[in-house]
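Residue-level structural notes
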Amino acid sequence: MITGMILIGCAVSLNGQNVILKPYYGYYIPRMADVNAKIDQDMDNARIFLQAPVPDAGKFDGEPIFGGQFEYHAGEDYFFNVNFFLYQEQVTTSYQGDGWIFNYEREVEMFDFVLNMHYYFNYNSWRRLNKYIGLGVGLLVLNANSLTFSTNSDYLSDSKGEFNSNTLTGVLSAGLNYRLSNYLQLWGEGGVQFGNFGQIDGKVSSLENPEKRDFISDSSFDMTGFFLRGGLGIGLPFLH
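These numbers come from a predicted model, not from an experiment. (Residues numbered from 1 in each chain as written. Predicted model: local features only at pLDDT ≥ 70, side-chain atom pairs only at ≥ 80, totals over all residues. Heavy atoms only, no water.)

Concerning the layout of surface pockets
Heads up, the condition is: Cavities and pockets were defined on a 1 Å grid built from protein atoms only: a cavity is a group of points that admits a 1.4 Å probe but offers it no way out, a pocket is an open group of points flanked by protein on both sides within 12 Å along at least five of seven lines, and a lining residue is one with an atom within 4 Å of any such point. Grid points are joined across faces, edges and corners, and a volume is the space filled by probe spheres set on the points. Think of it this way: any DSSP run of H or I at least four residues long counts as a helix, any run of E at least two long counts as a strand, and we number them from the N terminus. Classes in brief: Ala, Val, Leu, Ile, Met, Phe, Trp, Tyr, Cys and Pro nonpolar; Asp, Glu, Lys and Arg charged; the others, Gly included, polar.
As a volume, the largest pocket reaches approximately 650 Å³. Taken together, 35 residues make up the lining of the largest pocket; nearest its centre are Lys 38, Arg 106, Ser 146, Thr 148 and Asp 218. Elements with a contribution of two residues or more to the lining of the largest pocket: helix H2 (33-50), strand E4 (101-120), strand E5 (129-150), strand E6 (157-181) and strand E10 (213-216). Taken together, the residues of the lining of the largest pocket break down into 16 nonpolar, 10 polar and nine charged. In this structure, the second largest pocket spans a volume of roughly 320 Å³. Lining the second largest pocket we find 20 residues, and of these Asn 18, Tyr 123, Ser 125, Arg 179 and Asn 182 sit closest to its centre. Elements that contribute at least two residues to the lining of the second largest pocket include exactly E6, strand E7 (184-194) and strand E12 (225-235). Take the lining of the second largest pocket: its biggest share by element is four residues, from E6. Classifying every residue of the lining of the second largest pocket gives six nonpolar, 11 polar and three charged.

What follows is the structure in structure tokens.
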């Protein structure tokens with residue numbers, strides 16, 4: 001599917017077409033149910049072993065994203081664009097007891113590279129408002145880091161993990177463009193992006209084994225989520 005869409009896009013000449021640069025800001029809410037359940041379990045275990053009211057670390061429940069699209073008009077009601085964005089979120093907590101400390105951190109970072117096809121309903125370049133639905137396929141890249149550190153004699157720990165993986169992704173979206181001028185528009189869209197990485201491979205070091213060793217994550221990373229994003233569309237007249 002990815003190869004087919006790329007070939008279709010490459011087959012369309014940029015000469016005489018509308019080429020638009022679309023930087024944006026948005027919000028992404030990943031599913032992450034299994035990872036969040038593991039975080040809750042870790043907090044319960046820490047409170048039991050430390051015999052202390054360790055604060056919640058929080059959950060992965062959404063963060064702002066930054067990205068951009070490079071789009072061109074393929075003819076009639078069809079546009080193609082390449083999309084990329086960065087999503088990054090961290091949960092953390094710490095507690096200081098009588099002569100000991102406890103730190104806990106979990107962080108995820110995700111990039112995407114997606115080719116989208118947008119179908120507009122009776123597109124007209126002179127109309128103020130144009131609406132569309134979209135379909136995309138591409139690649140997601142995920143990095144995840146973990147830290148559990150404790151100097152409590154009943155719960156000594158110095159564990160660090162670095163994990164990474166990639167997977168294919170699909171995107172369903174709907175949006176609109178509001179024309180401000182011939183070369184400037186406002187746009188916004190919402191939708192869902194699919195991307196279940198499952199358990200991911202990485203390297204872990206611990207107090208007992210300070211050398212990094214291969215490890216598979218205890219929980220499954222389902223990054224499927226809903227998004228809202230919007231920004232400016234800037235026409236590039238030198239590519240018309």
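Read on, since the account is not over.
Some thoughts on the confidence of the model for the protein chain
Just so we agree on the cut-off: For every residue, the predictor assigns a confidence score, pLDDT, that lies between 0 and 100. What makes two residues a contact is simply this: any of their non-hydrogen atoms within 4.5 Å.
For the protein chain, per-residue confidence averages 91 on the pLDDT scale, and residues scoring 70 or more make up 92% of the total. Note that residues 1-16 has pLDDT below 50 and, in this model, 23 contacts with residues that lie over four places away or in other chains.

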